[in-house]
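Chain and residue survey
Listed below, chain by chain, are the residues.
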Amino acid sequence: MLTTEDFTHFPLRMWEKVLSKVKKAVVFMDDKCAEALHWSGGAAALLEAGAKNLKEFSSFEACGANEPKAVFVVSTLLKGRTVDIIKDVISLSHFQYCVVVTTVAHSVHLLANNVTAEMEGTPVFEQFEEKLCEWMGNMNYTAEVMHAPVVFAPVSQQLLLTPMFAHLFPLLSPDLQLINAKRPEKKRFGSLADVDVHSLPVELQLEIKSLASVLNSVFDATGTREESFAVGPMSRIIAGELANHPQAKNRRKTAPNKASIIFVDRTMDLTGAVGHHGDNLVEKILTVLEPLPGHVTDVQVDMLELTSLQRTPHSKSTLVPGCLAQTQSPAAQSLWEAMLTSKHKEAVMEVRRQLVETASKEKLPIKMSMGRVTPEQLCSYMQLFRSSWGALESNCGVLQLGLATAQTLRHPGLTRWDACLAFERLLLQALGDSDFPTVLRQLLPLMKPRGGEDSTTPGSRSKDDECGPDELILLLVYLYSLADEAHDSDEDEVEKLERELMGALTLVITREPELSPLLQKLTGCANPEELTTERAHSAVEEMFETLRGLSNTRDHLKQLRSVYTASDGVHQATYRPFLRQILEEVFHPDRLECPDIEHMSGGLTDLLKTGFSMFMKVSRPHPSDNPLLFLFLVGGVTPSELRLIKEVVAAHKPGTQVLVLSTRLLRPTDIPELLFATQRLLPDIGV
């Protein structure tokens, strides 16, 4: 019988296809493939396979005369800028043997070239091989072009991420307006639930078809027949593409193994993604530490405390940062799993336990201390390893995770986490007691610019105050994603309050001495000098237009319409995670059919069953029918949701194997970046 391990090993099997080609080659790899490799053995896997060097996929890179072989690994179509970069590198080098590996299937390349008919062989790849020989300057040189779906990052035993699709996000109400604007009036869609794949921009269609192709390759390699289910408009489109994939139809007839996959739109529950109620250590690490350059998920861990170097303004650039992906150490992997799916306090205590155990094994002079875990205590344990190079080298994975924990616990930004949690709880209770305008009004006193340390501006907040513009935007998303739970409101009053909030938030943003990554993406400005009041106000207006649509994301659902339980006088108002509700429906002992979890794999058979069900009892596929369940969260999953899934499955159906697939591991600020992205409908896949 298949297990989740068969699927978490799939990325490693796919990389073997690439590794078989890299002997004596210089490897050029783009960021998305590099991130997938990072969680599947890293650069070490390439070098052990015989690669001479690993370089960035860039027109500014090249090789010398003594480097005749190159392997290019890209996550895009072999079109446009990707082709230009490959040509630039080849023309500046002296290659006699080129291999190009793309994660995009040949069938998607045909569609990108407007070829809809099925064709034998791989003509697009064959034509590109001829171009490679032309650029190398000799048609007798060797060129190979191949497809390998190296898109999955096995982040844990429970989670596979797809860095290639990190910016794929469910459709929002402004997207519907853009789609309808290009359609005749009589053919415009009434809601996002009506949108089909053919009405989307070509770039987005190709990205969705590429994702369906990748998922098909996973099920094909494991001999799995999947039953697909969907919750949300984008999930419905993706599940439909997987169901209609030409190779999938043949596979389902002969595949010996069975599994269920439920696609869920992130927009069904944004409250869980921007909220600070998760009580998870990894969520805090991802939030406060700097991202690893070129990566969506991993972060930079300062390694200075494991050296004898003095901290200077340049020490960060002197020392290569550590990270969270520790694929070479079983002890570090075990610790990472605990950190990812445990409560904050339990995870921190496990970090301490592992450090103490590791130091004791290495016979280092450790002093045990009980009680509360402090960052100073953790650092004192790790500094013991400086005296033994062998101990430092063999336990580097555990030490990097320990340093990430210590640096997070003492990070000044962590106080903002607690402040946000307090405000969210207030808003949650207020929604049940007041109308929406009253709750919005409670945000106005927070919308004040932060002053400098010596600021005497009346009403400005101190520089060390806990709420900056990023946190204010998160609170707005949190509130609007719960807004459909509020009482009926006076639209004019809401509009008036929104105008006040827009003005106040514009002032907050323009008074910031530095623009955070979120504000840079929101305004399109890299520094405060570029940012005008008009530009900031325009960005805030667009943001509010998107926010208004968040309260309608569950309108098309019949049963799972609420993530909010109002106070009944005895119990406080509570947030009910959407994922919990879905899993409770799936594992309900009576095997009830939930109208919101739509079966997508049936095709004509399902339509016939729907017709027959009018006059006789018909058994439909149910997500709990199969021993293996995949949850694909389109738009990202949070670490605390991974713990929630684990707990709900253990409580309702122990022994069931659940594997989470998602586009990214979320930090709260990722959601506004994805929500307010200006190019959401035009993903960069190399068209």
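Residues numbered from 1 in each chain as written. Predicted model: local features only at pLDDT ≥ 70, side-chain atom pairs only at ≥ 80, totals over all residues. Heavy atoms only, no water.

Structural notes on the pairing of strand β3 (residues 69-74)
Every regular strand shows the same layout, with side chains that alternate between the two sheet faces. Burial of β3 is extensive: 6 of the 6 residues sit out of reach of the surface. Residue alternation in β3 divides its side chains into two sets, K69, V71 and V73 and A70, F72 and V74, and both sets are buried. Strand direction decides the pairing type here: strand β1 (residues 26-29) and β3, joined by 4 bridges, are parallel. In the strand pairing of β3, V26 is matched with A70. In this structure, β3 lies alongside strand β4 (residues 97-102), joined through 6 bridges in parallel fashion. Note on β4: the bridge partner recorded for A70 is C98. Taken together, β3, helix α5 (residues 80-91) and β4 form a β-α-β motif whose crossover is right-handed. (Buried < 20%, exposed > 50% of the residue type's maximum accessible area, 1.4 Å probe, protein only. Helix = DSSP H or I, 4+ residues; strand = E, 2+ residues; numbered from the N terminus. Pairing = 2+ DSSP bridges. Right-handed = clockwise from strand over helix to strand, strands pointing away.)

Some points on the state of the cysteines
Overall, the coordinates contain 0 disulfides when judged by the stated rule. As a non-bridged cysteine, C98 has C133 as the owner of its nearest cysteine sulfur, 8.4 Å distant. The buried category is assigned to C98, whose relative accessible area is 0%. C133 gets classed as buried once you look at its relative accessible area, which sits at 7%. (Disulfide = S-S within 2.5 Å.)

So, the packing of aromatic side chains
The geometry of an aromatic ring pair is captured by two quantities: the separation of the ring centres and the angle between the planes. For the structure on display, the rule yields 12 aromatic pairs. Pairing F28 with F72 gives two aromatic rings, centres 5.1 Å apart and planes at 20 degrees, and the pair type is stacked. Pair noted here: F28 is in strand β1 and F72 is in strand β3, with a separation of 44 residues, a long-range link. Neither residue differs from the other here; F28 and F72 are each classed as buried. Between F219 and F630 the ring centres are 5.5 Å apart and the planes differ by 75 degrees, which places this aromatic pair in the edge-to-face class. On the criterion of sequence distance, the pair formed by F219 in helix α9 (residues 202-221) and F630 in strand β13 (residues 628-634) is long-range, its members being 411 residues apart. One aromatic cluster in this structure is built from F28, F57, F72 and F95. (Phe/Tyr/Trp six-rings, centres within 6.5 Å; stacked < 30°, edge-to-face > 60°.)

Here's the deal with the domain arrangement of the protein
The assigned domain composition of the protein is domain 1 (4-150), domain 2 (158-269 + 577-677), domain 3 (290-410) and domain 4 (413-452 + 463-551). Centre-to-centre, using C-alpha coordinates, domain 1 lies 44 Å away from domain 4. (Domains from an automatic or database assignment.)

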